[in-house]
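Commentary on secondary and tertiary structure
Listed below, chain by chain, are the residues.
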Amino acid sequence: MPKRDGVIVGVDLGGTSMKALAVDARNNILAVEKTATDRNKKPSDLIADIASVARKAVESAKLEMKQVEAVSVGAPGSIDHNNGIVHEAPNLGWKEIKLGPELKRHLGVPVVVDNDVNVGLVGEHALGAGAGAAFVAGIFVGTGIGGALIAGGKLYQGSRGGAGEIGHTVILVDGPLCSCGHRGCAEALASRTAMERDVRAAIQAGQQSVVLKLMAKKEKSRMTSSIIHAALKQDDEVMRNVLERAQRHLGILVANAVNLLDPERVVIGGGIAGRLGEDFVGPIRKTAYEYFLRPDDARRVKILPGQLGDNAGALGAVVLARQRLGL
Ligand SMILES: [Zn+2]
(Lines give C-alpha, C1' and ligand atoms only; values in the text may rest on other atoms or scores of the structure.)
Protein backbone atom coordinates (compact mmCIF):
# COMPACT_ATOMS: atom_id res chain seq x y z
CA MET A 1 0.00 0.00 0.00
CA PRO A 2 1.49 3.41 -0.95
CA LYS A 3 2.37 5.97 1.69
CA ARG A 4 -0.09 8.84 1.65
CA ASP A 5 2.07 11.92 1.26
CA GLY A 6 2.51 13.77 4.49
CA VAL A 7 -0.24 12.26 6.67
CA ILE A 8 0.62 12.78 10.32
CA VAL A 9 -1.39 11.98 13.45
CA GLY A 10 -1.35 14.77 16.04
CA VAL A 11 -2.29 13.88 19.62
CA ASP A 12 -3.25 16.33 22.35
CA LEU A 13 -2.70 14.50 25.63
CA GLY A 14 -4.67 16.28 28.33
CA GLY A 15 -5.19 15.50 32.00
CA THR A 16 -8.87 14.58 31.49
CA SER A 17 -9.06 13.55 27.83
CA MET A 18 -6.88 12.90 24.81
CA LYS A 19 -7.62 13.74 21.21
CA ALA A 20 -6.05 12.44 18.00
CA LEU A 21 -6.34 14.11 14.58
CA ALA A 22 -5.27 12.46 11.32
CA VAL A 23 -4.06 15.38 9.19
CA ASP A 24 -2.97 15.48 5.54
CA ALA A 25 -0.04 17.39 4.02
CA ARG A 26 -2.19 20.51 3.51
CA ASN A 27 -3.29 20.44 7.17
CA ASN A 28 -6.80 19.24 6.38
CA ILE A 29 -8.24 17.22 9.25
CA LEU A 30 -9.17 13.76 7.90
CA ALA A 31 -10.43 12.25 11.15
CA VAL A 32 -10.84 13.04 14.86
CA GLU A 33 -10.89 10.54 17.75
CA LYS A 34 -11.17 11.28 21.44
CA THR A 35 -11.00 9.23 24.62
CA ALA A 36 -10.78 9.81 28.37
CA THR A 37 -7.37 10.03 30.05
CA ASP A 38 -7.53 7.54 32.91
CA ARG A 39 -4.98 8.88 35.34
CA ASN A 40 -5.36 5.85 37.59
CA LYS A 41 -3.76 3.66 34.95
CA LYS A 42 -0.06 2.95 35.12
CA PRO A 43 2.00 4.85 32.50
CA SER A 44 2.51 1.86 30.18
CA ASP A 45 -1.27 1.29 29.99
CA LEU A 46 -1.96 4.97 29.39
CA ILE A 47 0.62 4.93 26.58
CA ALA A 48 -1.23 1.92 25.09
CA ASP A 49 -4.41 4.08 25.17
CA ILE A 50 -2.58 6.87 23.31
CA ALA A 51 -1.46 4.33 20.68
CA SER A 52 -5.03 3.08 20.42
CA VAL A 53 -6.62 6.53 19.92
CA ALA A 54 -3.95 7.32 17.27
CA ARG A 55 -4.73 4.04 15.48
CA LYS A 56 -8.46 4.79 15.60
CA ALA A 57 -7.91 8.19 13.96
CA VAL A 58 -5.93 6.46 11.19
CA GLU A 59 -8.72 3.90 10.68
CA SER A 60 -11.39 6.62 10.63
CA ALA A 61 -9.39 8.36 7.90
CA LYS A 62 -9.54 5.03 5.99
CA LEU A 63 -5.78 4.62 6.13
CA GLU A 64 -3.33 2.17 7.66
CA MET A 65 -0.63 3.06 10.15
CA LYS A 66 2.10 2.16 7.62
CA GLN A 67 0.78 4.97 5.39
CA VAL A 68 1.37 7.51 8.16
CA GLU A 69 4.61 9.52 8.25
CA ALA A 70 4.67 10.16 12.00
CA VAL A 71 2.72 10.49 15.21
CA SER A 72 3.29 13.68 17.20
CA VAL A 73 2.17 14.25 20.79
CA GLY A 74 1.70 17.40 22.83
CA ALA A 75 2.02 16.31 26.46
CA PRO A 76 1.66 18.30 29.69
CA GLY A 77 4.71 18.95 31.84
CA SER A 78 8.43 19.29 31.23
CA ILE A 79 9.64 17.37 28.22
CA ASP A 80 12.99 16.31 26.76
CA HIS A 81 11.90 16.80 23.16
CA ASN A 82 15.15 15.40 21.74
CA ASN A 83 14.51 12.00 23.33
CA GLY A 84 10.74 12.03 23.68
CA ILE A 85 10.91 11.75 27.46
CA VAL A 86 8.37 13.30 29.83
CA HIS A 87 10.51 14.39 32.80
CA GLU A 88 7.60 15.33 34.97
CA ALA A 89 3.87 15.70 34.34
CA PRO A 90 2.08 16.32 37.67
CA ASN A 91 -1.33 16.21 35.89
CA LEU A 92 -0.67 12.61 34.88
CA GLY A 93 1.45 11.58 37.87
CA TRP A 94 4.32 10.84 35.47
CA LYS A 95 8.05 11.03 36.18
CA GLU A 96 10.76 10.15 33.63
CA ILE A 97 8.41 8.37 31.23
CA LYS A 98 9.83 7.33 27.85
CA LEU A 99 6.69 8.33 25.95
CA GLY A 100 8.30 8.75 22.51
CA PRO A 101 10.23 5.43 22.41
CA GLU A 102 7.28 3.49 23.93
CA LEU A 103 4.77 4.89 21.42
CA LYS A 104 7.18 4.17 18.56
CA ARG A 105 7.33 0.54 19.73
CA HIS A 106 3.50 0.34 19.66
CA LEU A 107 2.97 2.09 16.32
CA GLY A 108 6.12 1.46 14.25
CA VAL A 109 6.38 5.05 12.97
CA PRO A 110 8.55 8.01 14.04
CA VAL A 111 7.18 9.77 17.14
CA VAL A 112 7.68 13.41 18.12
CA VAL A 113 6.89 14.67 21.64
CA ASP A 114 6.77 18.23 22.93
CA ASN A 115 5.07 20.28 25.61
CA ASP A 116 1.31 20.84 25.11
CA VAL A 117 1.54 24.63 25.34
CA ASN A 118 4.46 24.74 22.89
CA VAL A 119 2.53 22.74 20.29
CA GLY A 120 -0.59 24.84 20.93
CA LEU A 121 1.32 28.00 20.02
CA VAL A 122 2.99 26.32 17.03
CA GLY A 123 -0.54 25.49 15.82
CA GLU A 124 -1.83 29.04 16.29
CA HIS A 125 1.33 30.40 14.65
CA ALA A 126 1.08 28.16 11.59
CA LEU A 127 -2.69 28.09 11.10
CA GLY A 128 -4.45 30.48 13.49
CA ALA A 129 -4.19 33.81 15.29
CA GLY A 130 -0.38 33.98 15.02
CA ALA A 131 -0.19 33.32 11.28
CA GLY A 132 2.25 35.52 9.37
CA ALA A 133 4.00 36.91 12.47
CA ALA A 134 7.64 36.10 13.27
CA PHE A 135 7.51 36.95 17.01
CA VAL A 136 4.48 35.62 18.88
CA ALA A 137 3.93 35.14 22.61
CA GLY A 138 1.26 32.61 23.59
CA ILE A 139 -0.53 32.60 26.94
CA PHE A 140 -2.87 29.64 27.48
CA VAL A 141 -5.38 29.98 30.29
CA GLY A 142 -7.01 26.79 31.53
CA THR A 143 -6.63 24.64 34.66
CA GLY A 144 -3.25 26.37 34.87
CA ILE A 145 -1.57 29.11 32.85
CA GLY A 146 1.04 28.10 30.29
CA GLY A 147 3.20 30.15 27.99
CA ALA A 148 5.25 29.70 24.86
CA LEU A 149 7.21 31.87 22.45
CA ILE A 150 7.81 31.92 18.72
CA ALA A 151 10.96 33.92 17.98
CA GLY A 152 12.17 34.53 14.44
CA GLY A 153 9.45 32.17 13.19
CA LYS A 154 10.63 29.27 15.37
CA LEU A 155 9.63 27.85 18.71
CA TYR A 156 11.93 29.23 21.42
CA GLN A 157 12.86 26.38 23.77
CA GLY A 158 15.37 27.96 26.15
CA SER A 159 18.62 26.25 27.19
CA ARG A 160 16.95 23.05 28.43
CA GLY A 161 13.54 23.16 26.76
CA GLY A 162 12.09 24.79 29.87
CA ALA A 163 11.14 28.22 28.46
CA GLY A 164 7.66 29.70 28.72
CA GLU A 165 6.56 29.12 32.33
CA ILE A 166 4.87 32.50 32.39
CA GLY A 167 2.09 31.19 34.66
CA HIS A 168 4.55 31.23 37.55
CA THR A 169 5.43 34.90 37.16
CA VAL A 170 4.70 36.39 40.59
CA ILE A 171 2.15 39.16 40.10
CA LEU A 172 1.06 39.64 43.71
CA VAL A 173 3.71 39.12 46.40
CA ASP A 174 2.21 37.08 49.30
CA GLY A 175 -0.90 36.44 47.16
CA PRO A 176 -2.76 33.11 47.06
CA LEU A 177 -0.83 29.85 47.19
CA CYS A 178 0.11 28.37 43.79
CA SER A 179 0.42 24.70 42.77
CA CYS A 180 4.19 25.32 42.49
CA GLY A 181 4.43 26.10 46.20
CA HIS A 182 5.00 29.86 45.87
CA ARG A 183 2.47 32.62 46.41
CA GLY A 184 0.91 35.12 44.06
CA CYS A 185 1.82 33.51 40.71
CA ALA A 186 -0.38 34.49 37.75
CA GLU A 187 -1.69 30.90 37.75
CA ALA A 188 -2.85 31.27 41.36
CA LEU A 189 -4.68 34.50 40.47
CA ALA A 190 -6.16 34.05 37.03
CA SER A 191 -6.36 30.37 35.98
CA ARG A 192 -9.73 28.64 35.77
CA THR A 193 -8.78 26.84 39.02
CA ALA A 194 -8.12 30.18 40.74
CA MET A 195 -11.40 31.62 39.45
CA GLU A 196 -13.31 28.60 40.77
CA ARG A 197 -11.65 29.00 44.19
CA ASP A 198 -12.70 32.67 44.26
CA VAL A 199 -16.28 31.94 43.18
CA ARG A 200 -16.62 29.26 45.87
CA ALA A 201 -15.19 31.64 48.49
CA ALA A 202 -17.69 34.37 47.52
CA ILE A 203 -20.57 31.89 47.80
CA GLN A 204 -19.24 30.69 51.17
CA ALA A 205 -19.20 34.30 52.30
CA GLY A 206 -22.92 34.53 51.53
CA GLN A 207 -23.01 36.06 48.03
CA GLN A 208 -25.66 34.83 45.60
CA SER A 209 -24.39 32.98 42.50
CA VAL A 210 -25.78 30.48 39.97
CA VAL A 211 -22.39 28.82 39.39
CA LEU A 212 -22.75 25.86 41.78
CA LYS A 213 -26.33 25.25 40.61
CA LEU A 214 -25.17 25.24 36.97
CA MET A 215 -22.39 22.80 37.85
CA ALA A 216 -24.90 20.47 39.55
CA LYS A 217 -27.32 20.74 36.63
CA LYS A 218 -24.63 19.99 34.03
CA GLU A 219 -23.10 17.30 36.29
CA LYS A 220 -19.70 19.00 36.36
CA SER A 221 -17.46 18.76 39.39
CA ARG A 222 -15.33 21.65 38.11
CA MET A 223 -16.13 25.15 36.93
CA THR A 224 -15.51 24.53 33.22
CA SER A 225 -15.38 27.19 30.52
CA SER A 226 -18.96 26.31 29.53
CA ILE A 227 -20.12 26.93 33.13
CA ILE A 228 -18.35 30.31 33.17
CA HIS A 229 -20.05 31.18 29.87
CA ALA A 230 -23.49 30.09 31.11
CA ALA A 231 -23.14 32.03 34.39
CA LEU A 232 -22.14 35.21 32.52
CA LYS A 233 -25.13 34.82 30.21
CA GLN A 234 -27.31 34.86 33.34
CA ASP A 235 -25.50 38.03 34.42
CA ASP A 236 -24.08 36.35 37.55
CA GLU A 237 -22.43 39.13 39.52
CA VAL A 238 -20.01 36.89 41.45
CA MET A 239 -18.81 35.29 38.21
CA ARG A 240 -18.44 38.67 36.53
CA ASN A 241 -16.42 40.16 39.40
CA VAL A 242 -14.14 37.11 39.65
CA LEU A 243 -13.58 37.10 35.88
CA GLU A 244 -12.84 40.84 35.81
CA ARG A 245 -10.22 40.44 38.54
CA ALA A 246 -8.61 37.55 36.61
CA GLN A 247 -8.65 39.60 33.41
CA ARG A 248 -6.91 42.47 35.17
CA HIS A 249 -4.14 40.14 36.36
CA LEU A 250 -3.88 38.61 32.89
CA GLY A 251 -3.59 42.09 31.37
CA ILE A 252 -0.64 42.82 33.66
CA LEU A 253 0.87 39.45 32.73
CA VAL A 254 0.52 40.20 29.01
CA ALA A 255 2.12 43.64 29.48
CA ASN A 256 5.04 42.04 31.37
CA ALA A 257 5.50 39.60 28.47
CA VAL A 258 5.34 42.40 25.86
CA ASN A 259 7.76 44.64 27.76
CA LEU A 260 10.21 41.75 28.18
CA LEU A 261 9.94 39.97 24.81
CA ASP A 262 8.81 42.61 22.28
CA PRO A 263 6.51 40.30 20.27
CA GLU A 264 4.37 41.59 17.40
CA ARG A 265 1.43 39.48 18.52
CA VAL A 266 0.13 37.89 21.72
CA VAL A 267 -2.26 34.96 21.36
CA ILE A 268 -4.51 34.19 24.34
CA GLY A 269 -5.39 30.50 23.99
CA GLY A 270 -7.17 27.85 26.04
CA GLY A 271 -10.77 26.96 26.76
CA ILE A 272 -12.05 30.26 28.22
CA ALA A 273 -10.61 32.32 25.35
CA GLY A 274 -12.06 29.76 22.92
CA ARG A 275 -15.50 30.03 24.50
CA LEU A 276 -15.68 33.80 25.27
CA GLY A 277 -13.40 35.15 22.51
CA GLU A 278 -13.28 38.94 22.47
CA ASP A 279 -15.35 39.17 25.70
CA PHE A 280 -12.40 37.50 27.44
CA VAL A 281 -9.55 39.16 25.58
CA GLY A 282 -10.94 42.73 25.29
CA PRO A 283 -10.54 43.67 28.99
CA ILE A 284 -7.13 41.88 29.12
CA ARG A 285 -5.97 44.02 26.18
CA LYS A 286 -7.22 47.21 27.84
CA THR A 287 -5.21 46.56 31.04
CA ALA A 288 -2.16 45.45 29.05
CA TYR A 289 -2.13 48.79 27.20
CA GLU A 290 -2.08 50.65 30.53
CA TYR A 291 1.10 48.79 31.49
CA PHE A 292 2.95 48.94 28.15
CA LEU A 293 6.26 50.79 28.53
CA ARG A 294 6.01 52.17 25.00
CA PRO A 295 2.61 53.75 24.44
CA ASP A 296 2.88 53.24 20.65
CA ASP A 297 2.94 49.47 21.28
CA ALA A 298 -0.84 49.69 21.70
CA ARG A 299 -1.06 50.13 17.93
CA ARG A 300 1.80 47.80 17.06
CA VAL A 301 1.20 44.75 19.25
CA LYS A 302 -1.93 42.74 18.51
CA ILE A 303 -3.49 40.81 21.40
CA LEU A 304 -5.88 38.20 20.00
CA PRO A 305 -7.88 35.15 21.13
CA GLY A 306 -6.68 31.83 19.68
CA GLN A 307 -8.55 30.71 16.57
CA LEU A 308 -8.06 26.96 16.59
CA GLY A 309 -9.92 26.18 19.82
CA ASP A 310 -9.48 22.63 21.03
CA ASN A 311 -7.56 21.63 17.91
CA ALA A 312 -4.60 23.97 18.46
CA GLY A 313 -2.50 21.37 20.31
CA ALA A 314 -3.01 18.42 17.97
CA LEU A 315 -2.61 20.55 14.81
CA GLY A 316 0.47 22.22 16.26
CA ALA A 317 1.95 18.81 17.07
CA VAL A 318 1.52 17.89 13.39
CA VAL A 319 3.19 21.12 12.19
CA LEU A 320 6.05 20.66 14.67
CA ALA A 321 6.60 17.06 13.54
CA ARG A 322 6.93 18.24 9.92
CA GLN A 323 9.54 20.81 10.96
CA ARG A 324 11.48 18.33 13.11
CA LEU A 325 11.42 15.44 10.65
CA GLY A 326 11.92 17.64 7.56
CA LEU A 327 8.72 16.39 5.92
ZN1 LIG B 1 3.36 29.16 40.68
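Refer to the structure above for everything that follows.
Since the model is a prediction, treat every value here as computed from it, not as a measurement. (Residues numbered from 1 in each chain as written. Predicted model: local features only at pLDDT ≥ 70, side-chain atom pairs only at ≥ 80, totals over all residues. Heavy atoms only, no water.)

Let's talk about the pairing of strand β6 (residues 85-89)
- When strand β5 (residues 78-80) meets β6, the two strands line up antiparallel, connected through 3 bridges. By the bridge assignment, S78 is partnered in β6 with E88.
- Once β5 ends, the chain turns through 4 residues before running back antiparallel as β6, passing G84 with a positive phi of about 70°.
- The sheet contact formed by β6 and strand β7 (residues 94-97) spans 3 bridges and is antiparallel. Each residue of the ladder has a partner; that of E88, found in β7, is K95.
- Two successive antiparallel strands, β6 and β7, enclose a turn made up of 4 residues, where G93 displays a positive phi of approximately 70°. (Pairing = 2+ DSSP bridges. Helix = DSSP H or I, 4+ residues; strand = E, 2+ residues; numbered from the N terminus.)

Observations regarding the sheet that holds strand β9 (residues 136-141)
- Strand order in the open sheet made by the 5 strands is β11-β10-β9-β12-β13, with mixed pairing throughout. Sheet topology places β11 (154-155) and β13 (302-305) at the edges, where each strand pairs with a single neighbour.
- Relative to strand β12 (residues 265-269), β9 runs parallel, the two being bridged by 5 bridges. Along β12, the bridge assignment pairs I139 with I268.
- Strands β9, β10 (145-151), β11 and β12 of the sheet are contacted by helix α3 (residues 116-127), whose axis makes an angle of about 50° with β10. (Contact = heavy atoms within 4.5 Å. Axes fitted to C-alpha atoms, helices over the stretch in contact; angles between N-to-C directions.)

Thoughts on the nonpolar core
- With 45 residues, the main nonpolar core has I145, M223, V254, I268 and F280 as its most contacted residues.
- If you tally residues by element for this core, the top one is helix α8 (residues 237-261), at 12 residues.
- Within the second largest apolar cluster, 35 residues are counted, among which are V9, M18, A31 and V109. (Core = buried A, V, L, I, M, F, W, Y, C linked by side-chain atoms within 4.5 Å. Buried < 20%, exposed > 50% of the residue type's maximum accessible area, 1.4 Å probe, protein only.)

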